[in-house]
There are 2 protein chains.
Amino acid sequence: MEAISSALSALSIQTEKVVKHAAANSPESWRSAVSDVASTLGFPTSNYTKTVVFKPKTAKTATPTPVVLIAKDDSEYNTGAVAKHIGQKEMRLAAPEVLKEFLNATKDDVSALSITKDNASQLIAVLDASLATSTEHFAVHAASSEETLFMSGAEITKYLQSTGVKLEVVDFAKLKAEAATPVAKASAPSSSSASAPGSTQGPIPASSKAKAAEAAKIPDAEQIGITVRKAGDFSEWYSQVLRKGDMLDYYDVSGCYILKPWSYFVWQSIQNFFDAEIKKIGVENCYFPMFVSADVLEREKDHIEGFAPEVAWVTKAGNSDLERPVAIRPTSETVMYPYYAKWIQSHRDLPLKLNQWNSVVRWEFKHPQPFLRTREFLWQEGHTAHMTLEQADEEVMHILDLYRQVYEKLLAVPVVPGVKSEKEKFAGGYYTTTVEGFVPTTGRGIQGGTSHCLGQNFSKMFNITVEDPKAAEEHRGKDEGKLHVWQNSWGLSTRTIGVMVMVHGDDDGLVMPPRVAQVQVVIIPCGIGVKTTPAEKEAIMDACDQTAKDLKAAGIRAKADLRDNYSPGFKFNDWEMRGVPIRLEIGPKDLEKKSVVSVRRDNKAKAPLSVEGLSESIAKLLDTIHDDMFAKADAEYRSRRKVCEQWDDFTSILNDKCHVVIPWCEVEACEDEIKKRSARQATAGEAEDEKAPSMGAKSLCIPFDQKQFGEVKGKKCPQCGKDAKRWTMFGRSY
Amino acid sequence: MEAISSALSALSIQTEKVVKHAAANSPESWRSAVSDVASTLGFPTSNYTKTVVFKPKTAKTATPTPVVLIAKDDSEYNTGAVAKHIGQKEMRLAAPEVLKEFLNATKDDVSALSITKDNASQLIAVLDASLATSTEHFAVHAASSEETLFMSGAEITKYLQSTGVKLEVVDFAKLKAEAATPVAKASAPSSSSASAPGSTQGPIPASSKAKAAEAAKIPDAEQIGITVRKAGDFSEWYSQVLRKGDMLDYYDVSGCYILKPWSYFVWQSIQNFFDAEIKKIGVENCYFPMFVSADVLEREKDHIEGFAPEVAWVTKAGNSDLERPVAIRPTSETVMYPYYAKWIQSHRDLPLKLNQWNSVVRWEFKHPQPFLRTREFLWQEGHTAHMTLEQADEEVMHILDLYRQVYEKLLAVPVVPGVKSEKEKFAGGYYTTTVEGFVPTTGRGIQGGTSHCLGQNFSKMFNITVEDPKAAEEHRGKDEGKLHVWQNSWGLSTRTIGVMVMVHGDDDGLVMPPRVAQVQVVIIPCGIGVKTTPAEKEAIMDACDQTAKDLKAAGIRAKADLRDNYSPGFKFNDWEMRGVPIRLEIGPKDLEKKSVVSVRRDNKAKAPLSVEGLSESIAKLLDTIHDDMFAKADAEYRSRRKVCEQWDDFTSILNDKCHVVIPWCEVEACEDEIKKRSARQATAGEAEDEKAPSMGAKSLCIPFDQKQFGEVKGKKCPQCGKDAKRWTMFGRSY
C-alpha cells in the first residue's frame, strides 16, 4: 500500500481514509463490511466499484495484454461490444494466475489501485464513463480485501492516468444499448460491406451505401416476394428468404428462432441418415441432463475458458433462489466425462461410443444470425473413448466423412475436409478435423462440422483409465500399469441448414435440395378459365389429386395445391419462394396429351413429362436436380480456391471473395500475422461491420487432398518465408 | 395505520419510529430507501423482512385460506417442505387479487403488519424461527410501501400472536436441509409405507419398519444383483433395478438423471412409432426455443398459476446479469400460441397441427423419482388448432388412442382410457383425457399420458381468430364475424419408461417388453469346461456368433455374449438383470442336436428350439412374450379395479391396494371430501411418507368403457348420496 499511498498523495487524494474491515470474499460481504464505515465517514453507503480482468485472444506464443475493466458495482456491460470498441478480440475472463502475475491481486481485492506505474505498460484499463466523470465517492479495494478507500470517480480517473496505463473511457450503457438493437432493424438497410455490389476494395462510404441498398432492391418484386437481390443486400436477402420461405420465424427472446416444419424437416432428414450410420459403427444414443453444476463445468480449464463468458446460469426456481446456480450445457464434455470415469473400469468396457441429440446454449453477445449463430441450437454430439490413438483416429475420420456426406449427398453443398491449425483447433483437444463450406456471395468460409480427437487430455483431467493389458507384470495394479483412454468428440448442428440456404437460394427465394425438401413435387391445376365447364375443372382437379397420390405411393413427397382462391401465378411464386424442387402443371391440354409440364426450381427448365411412367421419371429428375445443384456449387467453390505463393497477391485474392491456398509454415505467430496483414483498414469514421467481426483471413483448414495443389516440398511460406509444410486454405469466414 | 398503531402501542412496541421514505417497488429500492434512515436511527442497515403469500390448493368452490410466510429477507425456504410441515397441499404464489382481498395489501407493502384482528381468522401465518426469536431489529413495511417500522423478531411474534392468527413458527433452514437430502440415501432403508409387506392398515411403527427392511432383503443376492425384493422395499428395488439394469445413472444436479442407451432406446422406439402415426394425420414437427420471456409466460393466468412455482429462471450469462431474466419452458402453450395468432390468418390455415420433441423443465421441490418426477424430462408436445370443436374432439380421441397403443402394443402395459374430473383437468383447458396406468406393488395409479382439448380459452387469451366462413353478411370483417379457433394439446413423456419398469420388473431385475428392448435375444456359449478342446470351443463360439448374425439378418436385435472372462452363470444373471426377453444357450450337445436352448425372461420357461427356422420361431416367441406380459399385467389390473357402492367399503378397498370404481355424482366438493375421508390418519410422531404425498384417494378418470361396470342410472354417490352420473375410478396415485 505504501507505494500507492505516495502516488495518491502526490495527486492530492486523501489516503488517511483507507479503512480496515473484515476480509471480504464477495461483493455482498464487502458491502456489509463497509456500509457502516461509509456512513460514519459521510460517504454514500451504496457506491461500490467493481473490477473485472479479461484476457483477449492472442497467439499462444505471444504475451497477453490483460484488459482491466473498472465500473460502478451495478453497471452492466456487454463484453463483446466493449472488446470490439477497444479493438480487442474474444475477451475471456482472466484466470486467477493472470491476476496474480500481472496485477499481484485476487478477485477479492483487485481494483483500480492494482494498476501501478510498474505494471501499467502491460495492461489496458477500461473505465466506464459514468464512473469516470462522477463526483460521488465510491468504495475501492485498497491493496487487500480487508482495506477500502473511498475515491471519487474523478480521482479514480486521475489516478489511472498517473500510472501511464493505456486508458480507455467507454460509455458502457450506450454500447450495451447499441449491441442489443434487434436483428431485423440492424440488418435492414445497411448492406453488409462484404456483399455490397462491386465492392472489392473496402467498405463503401455511408452515402453510397444507401444507394447500394436501393440498387439491391428488386424493382418488380411484390411485397409478398423477396424484395432484395441476393448479390445486392445479402443479409436482408437471407433474412427474407428464411421468413418468406417458411423456414423460421423470429422470436421474442433475442438470438433465439423458431424452426418451422419446413426447416425442421431438413434436420430430421439429417438425423435419419446420420443416426442410422453411427448405429452401424456401434454408437448408442443416450441423454444427459441439460444442467451442469459449476464444479463440473469448470473442471477442465482451457476448455471452460473458451465457453465461460457464454454460459447461461439458472439461479432461481419459482421465487426461490437456488442455493447453487446451475449452468445450461454449452457442450457436454465436462458433463459426461465424470461418468465415463465411473463406467469405464476395464479395457473390456472400450470402446464406449455415445451420442446425444439435444440442444445446447451459448449466450453469445455477438450479432445473432439464424442457424449460423444462435443462443440455443440443435445438434448431435458424439463422445467416444478408445483404447488406442489409432482407433480414435479411425473414428474421427469416419465421422468426418459422414459429415461430408450430409453436406454433399443430402444438401448438395460441397465442402473441403481437412484439419484445423493449432490456433483454430477445439479448446482442450488434441486435433480437430473439419468440413469447410463456402458462401460464394460473400466469399466467406463457414465451418460445417467438426470431428475432434481429444487425445488423453480429458481422460487425464477426469481420470478415465483402464488397466493396460500390455503392461509389464510388475506394473499391474499400479499407476504405471494404467492407461488413459483416447477420446473423441464430434458435432453437427442446425447450422447445416443455414449453409444450405446461403449456397443454393436465389433472388426468387429458397432452392431446396430434393433429398431434404419436405415437399419435392407440387402439382398445380392450370388453364381453368371462365369458359371451363365444371366437369372440365373437376377433371383437372382430379388429375392433380391423383398424380399426387400416385407419386406418394411411389415414395415421392408430393402435394397437390388445389386452393381455389389463388391463381396459378400466385401459387407458382409461393412454391418457388419455398424452393420446392419440381412444379408440375396440369391443364386441359395436358390431360388430352396424357402429359404434364414439369418446371425445375433450380434452373427454371420446363419440359413435358408423359403421365405414363411419371413416378420413375420424377424420381430420376429429382436425382438429376440434386447432381446439378451440387455440380454448380462445387464448380463455383473450386473456382474460388486460389493458390497463392506471393504475399502481394494474398489480400487481392481475398478481396475477390476467394479463399487463398498457400504453402504454409504452420507457425502460430505467422497465422496471427496473416490475419493482421490481411485485415482491411477500416475507413476512418466507418463503424466496423457488425456481421463481419473478423475481417482478416484466418486458416480454415489444411485440406486432406494436398495433391490437387501440386508439390509443396521446397516451397516457402509467402508470409514469413519459412519452409512450407502443407498447403493451407485461408479466408474470411463466418 | 392508526388501528395497527394502537395495536402496537398496546403491546408496548414503539410506533414513533415509523419512517417515511420514497415508495419502494422492489426489495432493492426498499433497501436503498431505508438503509440511511436505519443507520441514523441506530438500527442495523442490513436487516429486512420479506413476506410472501401463498394460496394452498383447495376445492374451487371452497374459500381458500392464504398462507402468509414471514422471514428474514435472506432466508431460503422450500415451499413444498413448508407446505407439508404445516399440513397444506400445493401452495402456489397468491395472485395480486388475493393479496388485495385478504390482506388489503400489494406485493410492495405486504408485511406482518398486514395481518390484523379483522382478517386473522381467514389466514395462516408462518414465521421463520430464526426471525421469531431474534432480538435484533428488522425493517417491516408499515401499511404502505412508503413507510417502514423497525421491529425486533420478538416484537413481530408478539404482534402476530395478538391478532389471533393461526401462527406456525417453522425452522426454514432445517426443513430445507431435510428436503435436500439426496435420493439414494433417503430411500434406502426406510421402506415406503405403501409397499411395506403385509401392511394394509397403516404405516408400520419405526421399529417394525427396520425389520421390514431387513425382511425385504434377498438373502442370497450377491451385491452385484438386486438386493431387495420388489414386494418388500419397492422404492429401493426401483432404484436398484434402474441402476443395475443399466437404464440410468444418478447425476450431480438433484432431480436430474442420465438416460443411458438401454432406456433411451425405449424412448426412440416410442418416438419412431408415434412420429410416424401423427405424420399420417398431418401433424408436422417443429422446434420452438427453450426460453420464454416473463411477459409471454405469464399471459394465461390459470395456466401459469399451476406452473409458476416450478419455473427455472436464467438470470445470468457468463458474468453479466441479464436485463430481463428468461424462463425455461415448463410446457409450450404460452410459448407457441402468440405465433399461432400470427400464422393463422384465415380458415384456410386450419387445421394447424404442430408437434415438438423436446425437453421441459419443472423445478419441483417434491421428492424426485427417476422417470416419474424429474426436473428435466423428455417428451413430445402436440399443439393443434381447429375450426370446430368436433374436429378438435376427434383428434383428442385419436391421439389418446395412440397413447394407449404406445402402452399396450409397445410396452405391454395395460391402461384405462378416460376423461379427468373437473378438478383434475389441465389448468386452463376445456377437458382432459388420459390413459391411466397402475402399479400393482403399491396399488397406486399413475397418469400415463394426457390429451387435452383446450377449447377456446387460449385462443381468446392470445386472440387466435379466423373469419367465420358461415358468418352472416353483415358481420363479415367485424368482431361478430370472427371465430376463435378450437385448440388441443397433448403430451407423452419418458414417464412411460418408469411405468414399464414398475409394472414388469421382478426380484431379478428388469423385464423388458420385447418390442422396445435394445437387445431382444442374447446368445451365450455354454458347456465349455477344462476338457473342452480348442476346436470344440471354437465351434461353439462360432455357432453363437453365427446365430446372432442370422437373427440380425432377420431383423431381430440379437447379441452374442462371447466375453471369455465371465462364466455362463454370471452372464445369465447379468442379462436377466437387464431384462433381455430371450436367452439362447448353445453348448456341445446343442450343436450335436442342431438345436439351442431358449429361456424366457418373463416366466423363466426353458425350451429347446431347432436351429432350422430359428428366426421364425424366435420372432413368434417374442410376440408370445409380449402378449403374455400384457395379459398378466392386464389381469392383475382388472382384478384390482373394484366396484364400490357403499362408502364403508371405500377405504378398505383402497387399503387392499386397489382402485375403487364408484357411481359418482361428479361434484367437485364431493371429490375433496372423498380425498379427505379416505386419507389415512398419519400415526402420531410418524413423518408422512415423502414418496406418497397424497395419501387420500383422488379421481383418476371416468373410464370411457362404462358398460363394464353395469348400469349407473338410478345409483347414488356413496359419499354424498346424490344421483350418480358416471362410474368413476378413484385411487391413490403417483
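None of the values given here were measured: they were computed from a predicted structure.

## Quick word on the interface of chain A and chain B
Listed per partner, the contact involves 66 residues of chain A and 66 residues of chain B. Surface buried jointly by chain A and chain B totals about 5,700 Å² across both partners, of which 56% is contributed by carbon and sulfur atoms. Looking at the side of chain A facing chain B, the largest losses of area belong to A:Tyr251, A:Tyr287 and A:Phe291, adding up to 11% of the total buried there. For the pair chain A and chain B, the number of links is 31 residue pairs in polar contact (both at pLDDT 80 or more). Here the residues of the side of chain A that touches chain B sort into 37 nonpolar, 13 polar and 16 charged.

## Notes on the side chain of A:Arg640
Residues and elements named next belong to chain A. Turning to its location among the elements, Arg640 is positioned in the loop between α21 (614-639) and β28 (641-643). One polar contact links Arg640 to Glu636, side chain to side chain, over a distance of 3.1 Å. When residues no more than four places from it in sequence are discounted, the contact partners of Arg640 are Phe438, Pro440, Gly443, Asp656, Lys657, Cys658 and His659.

## Remarks on the relation of the copies chain A and chain B
Expressed as a screw operation, the relation of chain A to chain B combines 0.0 Å of axial shift with a rotation of 180°, fitting to an RMSD of 0.1 Å. Expressed as an axis order, the relation between the two copies is that of a two-fold axis. Distance from the rotation axis, computed per C-alpha, reaches its smallest value in chain A at A:Val314: 2.1 Å. Most of the interface of chain A is mirrored in chain B, where 98% of its interface residues are also at the interface.

## Quick notes on the pattern of salt bridges
A side chain with one charge can pair with a side chain of the opposite charge if their charged atoms come near. Residues and elements named next belong to chain A. Counted according to the given criterion, the structure contains 64 salt bridges over all chains. Note that Lys279 is salt-bridged to Asp275, the shortest N-O span being 2.9 Å. Of this pair, Lys279 and Asp275 both sit in helix α11 (residues 261-280), four residues apart, which is roughly one turn of that helix. Relative accessible area serves as the criterion here: at 37%, Lys279 is assigned to the partly exposed category. Where Arg640 meets Glu636, a salt bridge forms, and the shortest distance between an N and an O atom there is 3.1 Å. Taken together, the salt bridges that share partners define one network made up of Asp561, Arg563, Lys571 and Asp574.

## Considering helix α14 (residues 333-343) of chain B
Counting buried positions along α14(B) yields eight of 11 residues, so the element is predominantly enclosed. Every buried residue of α14(B) is accounted for by B:Glu333, B:Thr334, B:Val335, B:Met336, B:Tyr337, B:Tyr339, B:Tyr340 and B:Trp343.

## As for the state of the cysteines
As used here, a disulfide is simply a covalent bond connecting the sulfur atoms of two cysteines. All names here are of chain A. Within this structure, the stated rule accounts for zero disulfides over all chains. The structure places no disulfide on Cys665, whose sulfur is separated from the nearest cysteine sulfur, that of Cys720, by 3.6 Å. Overall, Cys665 belongs to the buried group, its relative accessible area being 3%.

## Notes on the sheet that holds strand β14 (residues 320-328) of chain A
Taken in spatial order, the six strands make up an open sheet running β12(A)-β14(A)-β13(A)-β13(B)-β14(B)-β12(B), and their pairing is antiparallel. Edge strands, defined here as strands with exactly one partner in the open sheet, are β12 (291-293) of chain A together with β12 (291-293) of chain B. The sheet shows a mean angle of 50° between the axes of neighbouring strands, direction not considered. Two strands pair when backbone bridges link them, and strand β13 (residues 312-317) of chain B and strand β14 (residues 320-328) of chain B are joined in this way by four bridges, in the antiparallel orientation. Across the sheet, the residue bridging to B:Trp313 is B:Ala327, located in β14(B).

## Some points on the domain arrangement of chain A
Considered domain by domain, chain A is made up of domain 1 (1-179), domain 2 (240-285 + 329-504), domain 3 (521-626) and domain 4 (644-681 + 688-731). Placing the centre of domain 1 of chain A and that of domain 4 of chain A at their C-alpha centroids yields a distance of 40 Å.

## Brief notes about the nonpolar core
A:Phe291, A:Ile328, A:Tyr340, A:Leu411, B:Phe291, B:Ile328 and B:Tyr340 are the most contacted members of the largest nonpolar core, which has 149 residues in total. With eight residues, the single largest contributor to this core is α11(A). In this structure A:Ile328 touches A:Met290, A:Phe291, A:Val292, A:Val311, A:Ala312, A:Val314, A:Val361, B:Met290, B:Phe291, B:Val314 and B:Ile328, once residues within four positions along its chain are discounted. Counting 61 residues, the second largest nonpolar core, distinct from the first, contains B:Ile278, B:Val435, B:Val516 and B:Ile524.

## Let's talk about the side chain of B:His141
Residue and element names in this part refer to chain B. Within the secondary structure layout, His141 lies in strand β6 (residues 137-142). There is a polar contact of 3.3 Å between the side chain of His141 and the backbone oxygen of Asp108. His141 has contacts with Trp30, Asp108, Asp109, Val110, Ser111, Leu113 and Glu147, leaving out every residue within four places of it along the chain.

## Some points on unusual backbone geometry
Residues and elements named next belong to chain A. Note that the residue after Leu350, namely Pro351, is joined by a cis bond; omega there is -10°. Examined against the element boundaries, Pro351 turns out to sit in the loop between α14 (333-343) and β15 (352-361). A positive phi angle is found at Asn463, which is not glycine, with a value near 55°.

## Some remarks on the packing of aromatic side chains
Overall, the coordinates contain 56 aromatic pairs over all chains when judged by the stated rule. Taken together, a centroid distance of 5.9 Å and an interplanar angle of 80° make the contact between A:Trp267 and A:Trp357 edge-to-face. Residue A:Trp267 is located in helix α11, and its partner A:Trp357 is located in strand β15; the two are separated by 90 residues in the primary sequence. On the basis of an interplanar angle of 85° and a centroid distance of 6.2 Å, the ring pair of A:Tyr337 and A:Phe462 is categorised as edge-to-face. One end of the pair, A:Tyr337, is in helix α14; the other, A:Phe462, is in the loop between α16 (457-461) and β20 (465-467), with 125 residues separating them in the sequence. Owing to a relative accessible area of 5%, A:Phe462 belongs among the buried residues under this scheme. Among the aromatic residues, those joined into a cluster by ring pairs are A:Tyr251, B:Phe288, B:Tyr337, B:Tyr339, B:Tyr340, B:Trp343, B:Phe458 and B:Phe462. Above the face of the A:Trp343 ring, B:Lys260 is positioned so that its terminal group lies 4.2 Å from the ring centre. We note B:Arg444 situated over the ring of B:Tyr734; from NZ or CZ to the ring centre the distance is 4.1 Å.

## Quick look at the packing of helix α22 (residues 647-655) of chain B against helix α23 (residues 668-678) of chain B
Between two packed helices, the angle of one axis relative to the other and the distance separating the axes together describe the packing. Residues and elements named next belong to chain B. Axis separation between α22 and α23 bottoms out at 10 Å; the angle between their running directions is 60°. It follows that α22 is oblique to α23 by the angle criterion. As for how α22 packs across α23, the hand of that crossing is right-handed. Of the residues in α23, those in contact with Trp647, Phe650, Thr651 and Leu654 of α22 are Ile674, Arg677 and Ser678. Considered class by class, the residues forming the contact of α22 with α23 number four nonpolar, two polar and one charged.

Cut-off values and rules
Residues numbered from 1 in each chain as written. Chains lettered and ligands numbered in written order. Predicted model: local features only at pLDDT ≥ 70, side-chain atom pairs only at ≥ 80, totals over all residues. Heavy atoms only, no water. Contact = heavy atoms within 4.5 Å. Buried area = accessible area lost by both parts, 1.4 Å probe. Polar contact = N/O pair within 3.5 Å; in protein donor to acceptor, adjacent residues only side chain to side chain. Nonpolar A, V, L, I, M, F, W, Y, C, P; charged D, E, K, R; others polar. Helix = DSSP H or I, 4+ residues; strand = E, 2+ residues; numbered from the N terminus. Least-squares fit on C-alpha atoms with pLDDT ≥ 70 in both. Salt bridge = Lys/Arg side-chain N within 4 Å of Asp/Glu carboxyl O. Buried < 20%, exposed > 50% of the residue type's maximum accessible area, 1.4 Å probe, protein only. Disulfide = S-S within 2.5 Å. Pairing = 2+ DSSP bridges. Axes fitted to C-alpha atoms, helices over the stretch in contact; angles between N-to-C directions. Domains from an automatic or database assignment. Core = buried A, V, L, I, M, F, W, Y, C linked by side-chain atoms within 4.5 Å. Phe/Tyr/Trp six-rings, centres within 6.5 Å; stacked < 30°, edge-to-face > 60°. Lys NZ or Arg CZ within 6 Å of the ring centre and 35° of its normal. Parallel < 35°, antiparallel > 145°, perpendicular 65-115°, else oblique. Left-handed = near helix turned anticlockwise from the far one by under 90°.

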